[in-house]
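What follows is the residue order along each chain.
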Amino acid sequence: MNKPRLIYFDAPVSRGEECRLALHLAGVDFDDVRIKVADWPALKERTPYGGLPVLELPGVPALAHSNAILVLIGRRYGLHPIDDVEAARHEGMMQHVEDLRAKVSPTLRMPEDQKKAAREGLVADYLPAWARAAERNIERGPFFGGDRIHVVDLKIYMAVRWFNGGKVDHIPATIFADYPKLTGVFNAVSDHPGVKGWYAR
């Protein structure tokens, strides 16, 4: 292996896609390894923690968990704050996105009637509370920390995009429409030339 390999499922979503975007924005030439769901069980026990994404770098053990991967990329390529307090603030927001995923993801495997009830409950309570907290922590914009894009913005973008597409049953596509800072980050990332370049390939 003479260049980084990012391993994730064969889908432009979630934790893997935000890491792909980070590597692309950093200008890193990497192997985008996409795993079919059917092949995942055979691979699972060979990953550091039994999950994806995994980043393989020449000469070092494989790295896992999207926040760890994003922070490494960010530190190496100027996409994460140098100031330790500001970096911790960004990492707190990144964990906030992971908290959201941990709350919503279990509903993917529920029977339809349970899924509907669970997601309606999230719409009534958790999702607005999550968005309010995100809104409190975003600075003046357009990005989370101000004028420059960082890896945290890619994570926010992927989380908001998940719902904006209207494909999460029983959760309105407009769930975050009343939160201008949160949607502002989403729009700023969508309009970023590097992000546009990734999707124009």
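Keep in mind that what you see is a predicted model, and the values were worked out from it rather than measured.

Some remarks on the environment of Ile73
Logical step 1: Among the structural elements, Ile73 can be located in helix α3 (residues 66-77).
Logical step 2: Sequence separation of Ile73 and Val28 is 45 residues, and the distance between their C-alpha atoms is 9.4 Å.
Logical step 3: Ile73 has contacts with Cys19, Ala22, Leu23 and Ala26, leaving out every residue within four places of it along the chain.

Structural notes on the sheet that holds strand β3 (residues 54-56)
Logical step 1: The 4 strands lie next to each other as β2-β1-β3-β4, forming an open sheet whose pairing is mixed. Taken across any chain shown, the strands that pair with only one partner, and hence form the sheet edges, are β2 (31-35) and β4 (63-64).
Logical step 2: Here strand β1 (residues 5-9) runs beside β2; their pairing, made up of 5 bridges, is parallel. The residue of β2 that forms the bridge with Arg5 is Asp31.
Logical step 3: Together, β1, β2 and β3 form the strand contacts of helix α1 (residues 14-25), whose direction differs from that of β1 by roughly 150 degrees.

Thoughts on the nonpolar core
Logical step 1: If you look at the biggest cluster of nonpolar residues, it comprises 50 residues, and the most contacted ones within it are Leu127, Trp130, Ile156, Phe163, Phe176 and Leu182.
Logical step 2: Secondary-structure elements contributing two or more residues to this core are α1, α3, α4 (84-104), α5 (112-137), α6 (151-164), α7 (180-191) and α8 (193-199).
Logical step 3: Here the element with the most residues in this core is α6; it accounts for 9 residues.
Logical step 4: If near-sequence neighbours (up to four positions away) are discounted, Trp130 is found in contact with Met93, His96, Val97, Leu100, Phe176 and Leu182.
Logical step 5: With 9 residues, the next largest nonpolar core counts Tyr8, Val33, Ile35 and Leu43 among its residues.

The rules we used
- What you see as residue numbers is a count from 1 along each chain, following the sequence as written.
- Predicted model: local features are reported for residues with pLDDT of at least 70 only, side-chain atom pairs are reported and counted for 80 or more only, and whole-chain, interface and lining totals are derived from all residues.
- Only heavy atoms go into the side-chain values, all of them from the structure, while hydrogens and water stay out.
- Secondary structure elements are defined from DSSP: runs of H or I of at least 4 residues count as helices, runs of E of at least 2 residues count as strands, and each element is numbered from the N terminus.
- We call two residues in contact when some of their heavy atoms are within 4.5 Å.
- The criterion for strand pairing is that DSSP finds at least two bridges linking the strands in question.
- Throughout, an axis means a line fitted to C-alpha atoms (over the contacting stretch in the case of helices), and angles, computed between N-to-C directions, take values from 0 to 180 degrees.
- Among buried residues, the Ala, Val, Leu, Ile, Met, Phe, Trp, Tyr and Cys ones that are joined through side-chain atoms within 4.5 Å form a nonpolar core.
- In this scheme, a residue with accessible area under 20% of its type's maximum is buried, one over 50% is exposed, and one in between is partly exposed, where area comes from a 1.4 Å probe on protein chains only.

Taken by themselves, the reported measurements are silent on function.
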